[in-house]
Amino acid sequence: MATALRSKSFQKNLLMSVGGIFLLFAVCFTMYQYRREKVYKIDILHSRLQMANYELMQALGEEGVQSDSLFTAYTRSHNLDKMRVTIINTEGRVLQDNDYLKIDSLSNHLQRLEVQQALKNGSGYDIKRTSQSTHETYFYSATRFGNIVIRSAVPYSSELTESLRADNTYIYFTIVLTLLLGLVLFLNTRRITRHIGYLREFAIKAEQGDQLDHELERRLPDDELGEISHTIITLYWKLRHSEEEKVRIKRQLTQNAAHELKTPAASIHGYLESILDNADMPNEQRQHFLERCYAQSERMSKLLQDMSALTKLDEMEKDGLKAEFRPVNVLNTIQNVLEDTALQLQEKGIDVEINAPSQVDLLGDQSLVYSIFRNVIDNAIAYANGASLLKINCKKVSTEGKQFYEFAISDNGQGVDPLHMPHLFERFYRVDKGRSRKLGGTGLGLAIVKNAVGVHDGNTIAEPTPGGGLTIRFTLQA
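Given the structure is predicted, the values throughout are model-derived calculations rather than measurements.

Digging into the sheet that holds strand E2 (residues 94-97)
And then number 1: The strand order across the open sheet built from five strands is E2-E1-E5-E4-E3, with neighbouring strands paired in antiparallel fashion. Across the chains shown, the open sheet's two edge strands, defined by having one partner strand only, are E2 and strand E3 (123-130). Each neighbouring strand pair of the sheet contributes to a mean axis angle of 20°, computed without reference to strand direction.
And then number 2: Pairing analysis gives eight bridges linking strand E4 (residues 137-145) to strand E5 (residues 148-155), with the strands arranged antiparallel. Residue pairing across strands places Ser141 opposite Ser152, the latter belonging to E5.
And then number 3: Set on the sheet, helix H3 (residues 113-121) makes contact with strand E1 (84-89), E3, E4 and E5; between it and E3 the angle comes to about 175°.

As for the nonpolar core
And then number 1: In this structure, Phe373, Phe407 and Phe474 are the most contacted members of the largest nonpolar core, which totals 40 residues.
And then number 2: Mapped by element, the contributors of at least two residues to this core are helix H10 (330-340), helix H12 (366-383), strand E9 (389-399), strand E10 (402-411), helix H14 (445-455) and strand E12 (470-477).
And then number 3: Of all the elements, H12 adds the most residues to this core, at eight residues.
And then number 4: With sequence-adjacent residues up to four places away left out, Phe474 is seen in contact with Ile372, Phe373, Tyr405, Glu406, Phe407, Ile409, Val453, Asn459 and Thr460.
And then number 5: Membership of the second largest hydrophobic core comes to 19 residues, among which are Ala52, Met57, Ile87 and Phe139.

So, unusual backbone geometry
And then number 1: A positive phi is found at Asp457, a non-glycine position, where the angle reads about 65°.
And then number 2: Take Asp457: it is sitting in the loop between H14 and strand E11 (460-464).
And then number 3: Using a relative accessible area of 24% as the deciding quantity, one classes Asp457 as partly exposed.

Each value, and the rule that gives it
- Residues numbered from 1 in each chain as written.
- Predicted model: local features only at pLDDT ≥ 70, side-chain atom pairs only at ≥ 80, totals over all residues.
- Heavy atoms only, no water.
- Pairing = 2+ DSSP bridges.
- Helix = DSSP H or I, 4+ residues; strand = E, 2+ residues; numbered from the N terminus.
- Axes fitted to C-alpha atoms, helices over the stretch in contact; angles between N-to-C directions.
- Contact = heavy atoms within 4.5 Å.
- Core = buried A, V, L, I, M, F, W, Y, C linked by side-chain atoms within 4.5 Å.
- Buried < 20%, exposed > 50% of the residue type's maximum accessible area, 1.4 Å probe, protein only.

Given below as structure tokens:
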């Protein structure tokens with residue numbers, strides 16, 4: 001009910017705002033058009049009277065219009081008895097008037113609007129002014145010719161008033177058009193409001209955690225509004241699934257971490273219990289148990305460090321981290337990793353071959369870049385059985401207009417079954433669980449690699465090495 005009321009309120013506000021603007025525009029247009037129509041008809045009448053003034057001046061000349069006999073004969077012969085014609089000099093004195101014989105009694109016309117305009121601009125008019133001499137209402141049009149002004153005037157009869165009245169047809173047309181557009185606006189706002197109501201209903205259900213279905217999505221229109229709504233709903237489902245996936249991963253991480261920590265903790269507890277319960281235990285056996293406790297504690301410490309690193313990577317804001325990126329010399333970083341793992345490589349009999357450009361620099365986090373190479377090399381040392389060579393290849397590639405360094409770290413060991421390839425970067429995933437625990441692995445090394453590479457806008461894949469072995473291939477943005 002509340003949704004329906006708010007939807008109606010939205011429709012009302014939208015209709016009133018848009019409709020109000022359109023109505024204001026229609027009123028302003030009507031007023032403008034009405035004024036324009038009246039001015040246009042006044043200009044036509046003014047032009048006709050101006051033409052009569054020019055014809056009178058052309059027929060009689062300046063001296064002729066001042067002659068009583070010539071002026072009277074012209075006005076009578078040209079049927080100008082219905083039009084009042086007045087001759088005025090530049091001082092405003094009336095020289096001739098065909099409608100008023102007592103010229104001397106006429107006041108000075110210099111202050112008349114049409115006369116002032118004619119003296120200044122050559123022509124002028126005045127609308128609906130009452131004559132002081134005849135007490136009739138006239139339309140005046142005056143034209144200057146040298147030292148005289150010829151003024152023609154027509155009385156405001158019902159015929160003239162009708163001819164000057166603006167044509168109201170366009171007003172009716174505007175009203176009909178306004179009503180039609182108002183109807184179209186109402187139908188469109190109602191449609192928009194209806195679909196916004198559907199979307200709002202979906203949002204309310206999502207907020208309240210109600211059971212959601214795809215009914216709302218099926219009712220969306222097949223237009224831009226439908227596409228936007230469909231995108232919002234799709235993003236909601238993706239976000240919800242993403243949140244559910246995060247919860248699942250965290251739950252799985254907690255379960256796996258508890259399981260992984262339980263083994264070394266139980267071992268340490270067992271060894272210490274044996275030492276405490278057997279006071280007469282030989283020194284050699286006690287030393288062995290203590291060494292095993294130390295080894296298990298080292299394993300727990302490494303596991304906790306790796307879990308901490310993964311949690312930190314998960315919680316990192318990529319944009320905020322990038323603001324702290326600094327230039328990293330990758331070749332120097334690789335050399336540091338090889339120096340730190342030289343003893344293990346030597347014990348395994350693994351030689352290292354590097355094929356890379358002479359200079360490999362990028363903006364990144366030094367510790368994360370070190371962690372990437374360290375974990376990949378540690379993984380090869382621990383699990384590449386029979387490997388004698390570790391190749392580190394690097395080349396520059398371009399993807400979607402961005403420059404990347406592509407690294408491929410390959411061993412020639414026994415390799416990994418293709419079934420395990422898609423899962424190698426999952427947390428706590430092990431190809432051989434028993435062997436991995438025996439070697440002290442945490443199952444988080446390659447997961448750290450994937451997350452650290454992702455922070456640098458790169459991708460990570462695992463693939464078989466041609467001829468045998470495993471290749472970890474990843475990219476880092478240059």
